[in-house]
Amino acid sequence: MEKTILKTENLTKSFGGLKAVDNVTLTVKENSITGLIGPNGSGKTTLFNTISGVYKPERGKIYFNGERIDGLAPYKIYEKGLARTFQTPRLFQKLTVLDNMMVSCRSHPGDKILNVFLKKRRWSEEEEKLAEKALEILEIIELDRFKDKPASELSGGQMKLLELGRVLMTEPKMLLLDEPAAGVNPTLARRIFEKITQLRDELSLTFFTIEHRIEILLEHADWVYVMHNGSIIAESPPEEVVKNKVVVDVYLGEA
Amino acid sequence: MSEPLIYVLDMAVFVGIFAILAVSLNLEYGFTGLANFGKVAFFMVGAYTSSILANMGFPYLACITVATFAAGFVGFVASLPALKLQADYLAIVTLAFGEILRFIFKNEEWIAGGVQGITVPSAITITGVPIQTMMLIQLTIVYAALAICYFIAQRVVNSPYGRTIRAIREDELAAQVLGKDVFKYKAQMFTLGSAMAGVSGSLFSQYVRFIDPYTFEPILTFTVWMMVILGGPANNLGVILGAVFVQALERGARIAKDYLLLPVDPHNLRVMIIGILIILILMYRPQGLFRESKVKTPALEVASKWKKRS
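Residues numbered from 1 in each chain as written. Chains lettered and ligands numbered in written order. Predicted model: local features only at pLDDT ≥ 70, side-chain atom pairs only at ≥ 80, totals over all residues. Heavy atoms only, no water.

Asker: Got a sec to walk through the overall build of chain B? Specific residues and values, please.
Answerer: A count of helical and extended segments in chain B gives 13 helices and 2 strands. A compact globule built from 310 residues should have a C-alpha radius of gyration of about 19 Å, and chain B, at 20 Å, falls within 12% of that. Seen through its C-alpha atoms, chain B measures out along the principal axes to roughly 70 × 45 × 35 Å. Each of the 310 residues in chain B was classed as buried or not, and the buried ones make up 53%. (Helix = DSSP H or I, 4+ residues; strand = E, 2+ residues; numbered from the N terminus. Rg over C-alpha atoms; globule rule 2.2 N^0.38 Å. Buried < 20%, exposed > 50% of the residue type's maximum accessible area, 1.4 Å probe, protein only.)

Structure below.
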């Protein structure tokens, strides 16, 4: 049986009177690409924000690899191997593309104030290794020729790619991707999902992905959840989602 | 030895003292994005600590060391509640903190004489040497301290740590979800910046030999901000040149007032010149005279070789 990597139980988060995430219980299997779809405002991003620790849940539990992670600070959740990207890329604008990659690496000895002075040789060696690794990832996402450019000079699609590359530097176990293919042309969107599948296979990662380009998502996902008004209204293998009457109603308006 | 030399030496000493403050504010604001408008508070803690100890007869090395740690400690304690706030609120809170501290020194006479101020005995007494020689000794000490602070600041910003604090400045939330304990970095930089301000305060008190609460009004903080904004935030060399520039105007105006017959008071004119310059800089060159320096680590070299390979 496949192992569950992420599980939420009765997760609830509201803003004022609005329940943005309402009693959500779901599981994500290890090494899968799990999709999350739903109309605008259905609570998908809020769900991601709650899982990644940006918001504290009001009620409910979140388990990652069998451990409770609800209520932990975002950096602690990251340390457990759960990383995320944002719907609109949140890059470090003034830093170069390479620095954006390097800043994301996990437990760098030179990232501690005392080591900066006391262990220069050690962190310098590590720095060289990590730079190689960052450049290799940049090559995969075809951004290596922009390495010295500030991130603010990239195009929208390139920013999306850099954000994906940046979380790959963190050696995560699982990634929450908030619309990885939004705002990029259809060819690039397909390629992004091909890369995701490739990464899943090569690095045994798990992906939980929000995506509005349903046709592309359904080609690559193993399992799909559908959200509406804060609740999960359906879950199924991708080929069955499009046939589900409730889902079609939600997307095409009241039938 | 003539009087102009005294003016030049005096200006050079002030440039050094303020350059240390500019470097320290640059660590906080330029690199980490912390709008510390209470710089003067930590400068004041350094100055008072050093002066009180000097009056108790401690050698100067002890005075400056304790002053550094005292200012760093006060900075650390102040940062714990203050750094929970967003940028604008941090500015207001730190500004108020400086004033509160100043009022404490003003009203609690037992600490350091209240409004009467406190005279600081000279640490180095060599009898029979001209004033210029004494000033040269002071100058050497100030610039040695500046060199150390500059070295520390450069080491910090050209490291993976330096890259992280810049990332925090750019986007705090993104830095958090990438595993950075943002609060820790901010508190460390605030503490380091405050400790450097303590060094500067100690040197200042030792040079002017008399301090009172009126020395530490908020305008001092704004002077340091001018240096950072003019010189170029996130460029350590830039802010030092900013300090040279602002102090040259400040002291130069005094010299001009004493020696030249002008239709306007140059000392007041200086305030206008600085104001106009800041407006021009913010409009036409918001990054300051110098651009942000790169993160210089071995990664740059690896990256430059990569270009040749592909």
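Asker: An account of the sheet that holds strand β7 (residues 174–178) of chain A is needed here, citing residue identities and associated values.
Answerer: Residue and element names in this part refer to chain A. Taken in spatial order, the 6 strands make up an open sheet running β6-β7-β8-β3-β9-β10, and their pairing is mixed. The two strands at the open ends of the sheet, each matched to only one other strand, are β6 (82–84) and β10 (231–236). When strand polarity is set aside, the average angle formed by the axes of neighbouring strands in this sheet is 20°. Docked against the sheet, helix α1 (residues 44–51) engages β3 (33–37), β6, β7, β8 (206–210) and β9 (223–228), running at close to 145° with respect to β8. Where helix α6 (residues 156–168) meets the sheet, it contacts β6 and β7, and its direction lies at approximately 165° from that of β7. (Pairing = 2+ DSSP bridges. Axes fitted to C-alpha atoms, helices over the stretch in contact; angles between N-to-C directions. Contact = heavy atoms within 4.5 Å.)

Asker: Which residues make up the interface of chain A and chain B, and what values do they have?
Answerer: Listed as interface residues are 42 residues of chain A and, on the opposing side, 37 residues of chain B. In total, about 3600 Å² of surface goes out of reach between chain A and chain B, with carbon and sulfur atoms giving 67% of it. Put simply, chain A and chain B have 4 salt bridges between them. When the shortest N-O distance is used, the salt bridge between B:R163 and A:E127 registers 2.6 Å. Applying the counting rule to chain A against chain B returns 14 residue pairs in polar contact (both at pLDDT 80 or more). Mapped by element, the contributors of at least two residues to the side of chain A that touches chain B are α2 (74–79), α3 (97–102), α4 (113–118), α5 (120–140) and α6 of chain A. The dominant element in the side of chain A that touches chain B, judged by the number of residues it contributes, is α5(A), at 10 residues. (Buried area = accessible area lost by both parts, 1.4 Å probe. Salt bridge = Lys/Arg side-chain N within 4 Å of Asp/Glu carboxyl O. Polar contact = N/O pair within 3.5 Å; in protein donor to acceptor, adjacent residues only side chain to side chain.)

Asker: Could you give an account of the nonpolar core, with specific residues and numbers?
Answerer: One finds A:L138, A:L162, B:L203 and B:F216 to be the most contacted residues of the largest nonpolar core, which totals 145 residues. Per-element tally for this core: the top contributor is helix α1 (residues 3–31) of chain B, with 13 residues. Those residues in contact with B:F216, other than ones at most four positions away along the chain, are B:V40, B:F43, B:M44, B:A47, B:Y48, B:R102, B:F204 and B:I211. In terms of nonpolar packing, the next biggest core, distinct from the first, is built from 22 residues, A:V21, A:L26, A:M174 and A:I210 among them. (Core = buried A, V, L, I, M, F, W, Y, C linked by side-chain atoms within 4.5 Å.)

Asker: So what's going on with the environment of B:N268? Which residues, and what values?
Answerer: Relative to the helices and strands, B:N268 is located in helix α12 (residues 266–284). As a C-alpha pair, B:N268 and B:T68 span 200 residues in sequence and 34 Å in three-dimensional space.

Asker: Talk me through the pairing of strand β2 (residues 18–29) of chain A; I want residue IDs and the actual numbers.
Answerer: All names here are of chain A. Two elements, strand β1 (residues 4–15) and β2, share 8 bridges in a ladder whose sense is antiparallel. Within β2, the position partnered with T8 by the bridge is L26. What sits between the antiparallel neighbours β1 and β2 is a turn of 2 residues, in which G16 has the positive phi angle 60°.

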